[in-house]
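Each chain, letter by letter, is given below.
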Amino acid sequence: MWLTGRLIPDFKTIANFCKDNGKAIRRVCRQFIVLCRQLNLFTQALVAIDGSKFKAVNNRDKNFTAAKMKRRLEQVNGVSSAI
């Protein structure tokens, strides 16, 4: 932030930078991977990344706090014992 004087590039500027400098970015990434291998920073662990996207819903009826859960469990237990 200091270096750019708090300038904030918009999405188009970032997209154009990636488009115009794609080969250089790939070379830097490749060099970084080679460096990591030389420093033995990679292990044999397997990592899988899922690209799924889910819509976030945080309305009053769909989110639960510890207090809400306690009240709900008390309601459920109270109803089931009355039957």
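Look up a bit, the structure's there.
The rules behind each value
Residue positions are given per chain, counting from 1 as you read along its sequence in written order. Per-residue local features of the predicted model are confined to residues with pLDDT of at least 70, and side-chain atom pairs are confined, for both listing and counting, to 80 or more; whole-chain, interface and lining totals are unaffected and use all residues. With hydrogens and water set aside, each side-chain value is computed from the structure's full complement of heavy atoms. Only DSSP runs of H or I reaching four residues or more are called helices, and only runs of E reaching two or more are called strands; each is numbered from the N terminus. We compute the radius of gyration over the C-alpha atoms and compare it with the globule rule, which gives 2.2 Å times the number of residues raised to the power 0.38. Buried, partly exposed and exposed residues are distinguished by accessible area as a fraction of the type maximum, computed with a 1.4 Å probe on protein chains only: under 20%, between the cut-offs, and over 50%, respectively. Computed with a 1.4 Å probe, the accessible areas rest on the Shrake-Rupley method; for each residue, only the protein chains presented here act as cover. Here the expected span of a helix is defined as 1.5 Å times the quantity of residues minus one.

Enquirer: Whenever I open this one, the overall build of the protein confuses me. Can you help?
Expert: Check the secondary structure of the protein and you find three helices and zero strands. Secondary structure elements in the protein, listed N-terminal to C-terminal, are α-α-α. Taking 12 Å as the expected radius of gyration for a compact globule of 83 residues, we find that the protein reaches 25 Å, considerably beyond that expectation. In the protein, which comprises 83 residues, the proportion classed as buried is 2%. Here the protein displays about 8,800 Å² of accessible surface, and carbon together with sulfur accounts for 61% of that area.

Enquirer: How should I be thinking about the environment of Lys 23 in this particular structure?
Expert: One can find Lys 23 in helix α2 (residues 22-38). Judged by relative accessible area, which is 62%, Lys 23 ranks as exposed. Sequence separation between Lys 23 and Ala 56 is 33 residues; the distance between their C-alpha atoms is 36 Å.

Enquirer: I tried to follow unusual backbone geometry on my own but got confused; where do I start?
Expert: The phi angle of most residues is negative, glycine excepted, and most peptide bonds adopt the trans form. Backbone geometry places Arg 6, a non-glycine residue, at a positive phi of 65°. Tracing the sequence through the fold places Arg 6 in the segment before α1 (11-20). A relative accessible area of 61% means that Arg 6 is categorised as exposed. One non-glycine residue, Asn 40, lies in the positive phi region at around 55°. Here Asn 40 shows up in the loop between α2 and α3 (66-82).

Enquirer: What's the story with α2 in this structure? I'm lost.
Expert: An α-helix turns once per 3.6 residues; consequently, residues spaced three or four apart project the same way. Along its 17 residues, α2 runs 24 Å from first to last C-alpha, staying within 8% of the 24 Å computed at 1.5 Å per residue. Just downstream of α2, Asn 40 is the residue with a positive phi angle, here 55°.

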